[in-house]
Amino acid sequence: MKEDEANSKTVAGSPPLIELRGIEKVYGDGGTARVQALQALDLAIRRGEFAAIVGPSGSGKSTLLHILGCLDRPTAGTYLLAGQDTSRLSDRELSAVRNRRIGFVFQAFQLLSDSTALENVMLPLLYRGVPAVPARQRAKEALAAVALEERLGHRPGQLSGGEQQRVAVARALVKRPDILLADEPTGNLDSANGEAILKLIEEAHRREVTVVLITHDPQVAARAGRVLRMKDGRLEKKC
Ligand code: ADP
Ligand code: MG
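Residues numbered from 1 in each chain as written. Chains lettered and ligands numbered in written order. Predicted model: local features only at pLDDT ≥ 70, side-chain atom pairs only at ≥ 80, totals over all residues. Heavy atoms only, no water.

Comments concerning the site of ligand 1
And step 1. All residues adjacent to ligand 1 are Tyr27, Val35, Ala37, Pro56, Ser57, Gly58, Ser59, Gly60, Lys61, Ser62 and Thr63.
And step 2. Protein contact buries 58% of the 560 Å² of open area that ligand 1 shows by itself.
And step 3. Going through the elements one at a time, β2 (35–45) and α2 (61–68) are the ones with two or more residues in the shell around ligand 1.
And step 4. It is α2 that contributes the most residues to the shell around ligand 1, three residues altogether.
And step 5. Of the residues in the shell around ligand 1, the class split is four nonpolar, six polar and one charged. (Near = heavy atom within 4 Å. Areas by Shrake-Rupley, 256 points an atom, 1.4 Å probe, with all protein chains shown as cover. Helix = DSSP H or I, 4+ residues; strand = E, 2+ residues; numbered from the N terminus. Nonpolar A, V, L, I, M, F, W, Y, C, P; charged D, E, K, R; others polar.)

Comments concerning the packing of helix α6 (residues 161–173) against helix α7 (residues 191–206)
And step 1. The contact between α6 and α7 brings their axes to 9 Å, and the two run at 10°. Classified by the angle their axes make, α6 and α7 are roughly parallel. Between α6 and α7 the crossing geometry is right-handed. Across the interface between the two elements, Gly162, Gln165, Arg166, Val169 and Leu173 from α6 touch Asn193, Ile197, Leu200 and Ala204 from α7.
And step 2. For the contact of α6 with α7, a count of residues per class yields five nonpolar, three polar and one charged. (Axes fitted to C-alpha atoms, helices over the stretch in contact; angles between N-to-C directions. Parallel < 35°, antiparallel > 145°, perpendicular 65-115°, else oblique. Left-handed = near helix turned anticlockwise from the far one by under 90°. Contact = heavy atoms within 4.5 Å.)

Honestly, that's just the spatial picture; any functional story needs more than this.
Next comes the structure, spelled out in structure tokens:
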């Protein structure tokens, strides 16, 4: 996969980083609880793109992001990540891909409440087997990059919402992921703190991280290079 990666940066006509073909997602069983959250969804995202996903509540945006992030599997269809068919990967392999390639930022921050900022940011590196000393050093650098070097020992409850989301951004980027996925990352923040988070995401994009961001805010979507509109589990037009 490392070789594919190097090639896809340089070879014209190389496969997209993300390619979905005929993706369906059904929640629940055949009974009344059955929800078709995604249907007949085709999408290709090239390495280095910054795409925003917009659409009404319930249109399947988060479901799509979970599938892109290998947090969930589609019910049908094919998801090729860097040319590799993810349906052929075991759950264990899928979580390794997720840990190595993909960073997440969620609306509700989703930090571990009993752990310090530093511990929260170290965790993905420890999962990956990075020894504690370099993990600590990289986590400190990631927190310094979001201007939180003075808050290493604070727990989430001792931080403002804006600071918590900056910790979450540091936790996502400390892995040096290929892909950053963000689900309404500014949704719980005031405009100044939201702007700080967007700037960090834009910086990551300038460093060639591929970004997919869900938002309901047209001004946020306007900052992406491409806007994908969802409705009733489908992308509105060929994107
Ligand atoms: P959005 O993020 O655009 O608001 P979601 O992807 O969260 O939409 O949801 C799409 C549809 O799937 C909705 O109808 C929602 O109720 C349903 N849904 C989402 N997650 C689940 C789940 N875990 N179990 C059952 N239904 C779900
Ligand atoms: Mg959602």
